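# Residue-level structural notes
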Number of protein chains: 2
Amino acid sequence: MTGGSQHRQAEAGKRYDVFHTDCLARDVVDHVTSRWGIWVLISLRSNSLRFYELRESIQGISEKMLAQTLRALVQDGLVWRTVEPTTPPQVTYGLTEFGQDVGEPLTELFDRITRRLSAPGAG
Amino acid sequence: MTGGSQHRQAEAGKRYDVFHTDCLARDVVDHVTSRWGIWVLISLRSNSLRFYELRESIQGISEKMLAQTLRALVQDGLVWRTVEPTTPPQVTYGLTEFGQDVGEPLTELFDRITRRLSAPGAG
DNA sequence: CGGCATCCTCGATGATACTG
DNA sequence: CAGTATCATCGAGGATGCCG
């Protein structure tokens, strides 16, 4: 990730027309709907998970992309992160209120898709 | 990504099958949450649109990507396409029932994000 | 265990030009 | 208007290795 971006605040210059490239929300939507973002968010809906638990539950994701995706989501305020200073370290991720807010329609989205594709005569 | 065609059952509270690379729904989810897919679907929610109308409403999209995205969505059964054999040709796109079904949580998703980012003290 | 840094590949994306 | 075809590129993403 390009880094540096902290918690995103409403900037005066930015618009809220998501269809506009210069839109604040578009960045967040891009993260949420990024290749791995959606799966991370959905994974964390039921309960908080450790790094390796996430890695194992999301088939095909690399550690690099998991870390990168998590960082973006944390920066966007969708995911929180706690570090237990044990040995070995223990890092846990979970959804913030905002994250849960976003996770709901996301789950609904893929539920509907799954339901549709499993339905007899579909596709 | 075109591998498996088996439909598996989702276990409540457990990992969903979509987390596996060989899941049918994953392809569709990938299309829906592709860079432009989400905007196309949201654009078409209110009413059907012509090709150039879509191009103009979604800032930053190229004709190639629009055509490509639309083709994928049509194949997935989310979008329908009609051609009026006039001169010049007139092609219209709209949401199928499935598309509307999917568009709803999608709109809800980005509504929540927008709302959150516009909220005072947000971020 | 968690997670950076580095290198490298490949495919998504974009620009351009052409067709019906 | 609504595409399609071709080519160039850019960066997401994967593999590997090192560190606290």
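Bear in mind the structure is a predicted one, so any value in this text is a computation, not a measurement. (Residues numbered from 1 in each chain as written. Chains lettered and ligands numbered in written order. Predicted model: local features only at pLDDT ≥ 70, side-chain atom pairs only at ≥ 80, totals over all residues. Heavy atoms only, no water.)

In this section: unusual backbone geometry. Glycine aside, a negative phi is what most residues show, and trans is what most peptide bonds show. For the bond running from A:Thr87 to A:Pro88, omega is 0°, close enough to zero to count as cis. Looking at the element boundaries, A:Pro88 is found in the loop between strand 2 (79–84) and strand 3 (90–95). (Helix = DSSP H or I, 4+ residues; strand = E, 2+ residues; numbered from the N terminus.)

Moving on to the packing of helix 2 (residues 37–46) of chain B against helix 4 (residues 63–75) of chain B. Residue and element names in this part refer to chain B. Running from N to C, helix 2 and helix 4 point in directions that differ by 75°, and their axes come no closer than 10 Å. Between helix 2 and helix 4, the angle is such that the two are roughly perpendicular. Contact residues: helix 2 offers Gly 37, Val 40 and Leu 41, while helix 4 offers Leu 66, Thr 69, Leu 70 and Leu 73. (Axes fitted to C-alpha atoms, helices over the stretch in contact; angles between N-to-C directions. Parallel < 35°, antiparallel > 145°, perpendicular 65-115°, else oblique. Contact = heavy atoms within 4.5 Å.)

The next point concerns the protein's contact with DNA strand C. Taken together, 17 residues surround DNA strand C, and among them A:Arg50, A:Phe51, A:Arg81, A:Tyr93 and B:Lys64 come closest. Each atom of DNA strand C within 4 Å of the protein belongs either to a base or to sugar and phosphate, the latter forming 69%. Side-chain polar atom of A:Arg71 to a phosphate oxygen of DNA strand C: 3.2 Å apart, as the coordinates give it. In the environment of DNA strand C, a base oxygen lies 2.3 Å from a nitrogen or oxygen atom belonging to the side chain of B:Lys64. For the surface near DNA strand C, the secondary structure elements donating two or more residues are helix 3 (51–57), helix 4 (63–75) and strand 3 of chain A together with helix 4 of chain B. Class assignment for the residues of the surface near DNA strand C results in 9 nonpolar, 2 polar and 6 charged. (Near = heavy atom within 4 Å. Polar contact = N/O pair within 3.5 Å; in protein donor to acceptor, adjacent residues only side chain to side chain. Nonpolar A, V, L, I, M, F, W, Y, C, P; charged D, E, K, R; others polar.)

Below, the discussion takes up the pattern of salt bridges. Under the counting rule described, the total for this entry stands at 8 salt bridges over all chains. With a shortest N-O distance of 3.6 Å, A:Arg112 and B:Asp101 are connected by a salt bridge. Separated into two different chains, A:Arg112 in helix 5 (residues 97–118) and B:Asp101 in helix 5 (residues 97–118) make up a pair that spans both. For A:Arg112, a relative accessible area of 13% gives the class buried. The salt bridge partner of A:Arg112 is B:Glu104, with a shortest N-O separation of 3.5 Å. Pair noted here: A:Arg112 is in helix 5 and B:Glu104 is in helix 5, and the two residues belong to different chains. What emerges from the salt-bridge pattern is a single network uniting A:Asp101, A:Glu104, B:Glu108 and B:Arg112. (Salt bridge = Lys/Arg side-chain N within 4 Å of Asp/Glu carboxyl O. Buried < 20%, exposed > 50% of the residue type's maximum accessible area, 1.4 Å probe, protein only.)

With that settled, consider the side chain of A:Thr33. As for its placement among the helices and strands, A:Thr33 is situated in the loop between helix 1 (24–32) and helix 2 (37–46). There is a polar contact of 2.8 Å between the side chain of A:Thr33 and the backbone oxygen of A:Val29. Beyond its immediate chain neighbours, meaning those up to four positions away, A:Thr33 contacts B:Thr33, B:Ile38 and B:Leu109.

With that settled, consider the sheet that holds strand 3 (residues 90–95) of chain B. Residues and elements named next belong to chain B. Spatially, 3 strands are ordered 1-3-2 in an open sheet, and the strand pairing comes out antiparallel. Strands with a single pairing partner mark the edges of an open sheet, and in this sheet they are strand 1 (49–50) and strand 2 (79–84). Pairing of strand 1 with strand 3, which is carried by 2 bridges, proceeds in the antiparallel orientation. Bridged to Leu 49 within strand 3 is Tyr 93. Across the sheet, helix 2 lies against strand 1, strand 2 and strand 3, angled at about 95° from strand 3, the strand it touches most. (Pairing = 2+ DSSP bridges.)

All names here are of chain A. The pairing of strand 2 with strand 3 spans 6 bridges and is antiparallel. Looking at the pairing, Arg 81 lines up with Tyr 93 of strand 3. Hairpin geometry of strand 2 and strand 3 is characterised by an intervening segment of 5 residues between the two adjacent antiparallel strands.

Strand pairing within a sheet occurs via backbone hydrogen bonds; the two strands may be parallel or antiparallel. Residue and element names in this part refer to chain A. If you walk across this open sheet you meet the 3 strands as 1-3-2, and the pairing is antiparallel. The open sheet is flanked by strand 1 (49–50) and strand 2, the only strands paired with a single partner. Here helix 2 sits on the sheet in contact with strand 1, strand 2 and strand 3, set at roughly 95° to strand 3.

Another point: the protein's contact with DNA strand D. Lining the immediate surroundings of DNA strand D are 18 residues, of which A:Lys64, B:Arg50, B:Tyr52, B:Arg81 and B:Tyr93 lie closest. Within 4 Å of the protein, the contacting atoms of DNA strand D are 65% sugar and phosphate, with bases supplying the remainder. In the model, a sugar or linking oxygen of DNA strand D is placed 3.4 Å from a nitrogen or oxygen of the A:Arg35 side chain. In the environment of DNA strand D, a phosphate oxygen lies 2.9 Å from a nitrogen or oxygen atom belonging to the backbone of B:Tyr52. Counting only elements with at least two residues in the surface near DNA strand D, the list comes to helix 4 of chain A together with helix 3 (51–57), helix 4 and strand 3 of chain B. At 3 residues, helix 4 of chain B tops the list of elements feeding residues into the surface near DNA strand D. Residues of the surface near DNA strand D, tallied by class, amount to 9 nonpolar, 2 polar and 7 charged.

So yeah, pure geometry; function would need other evidence.
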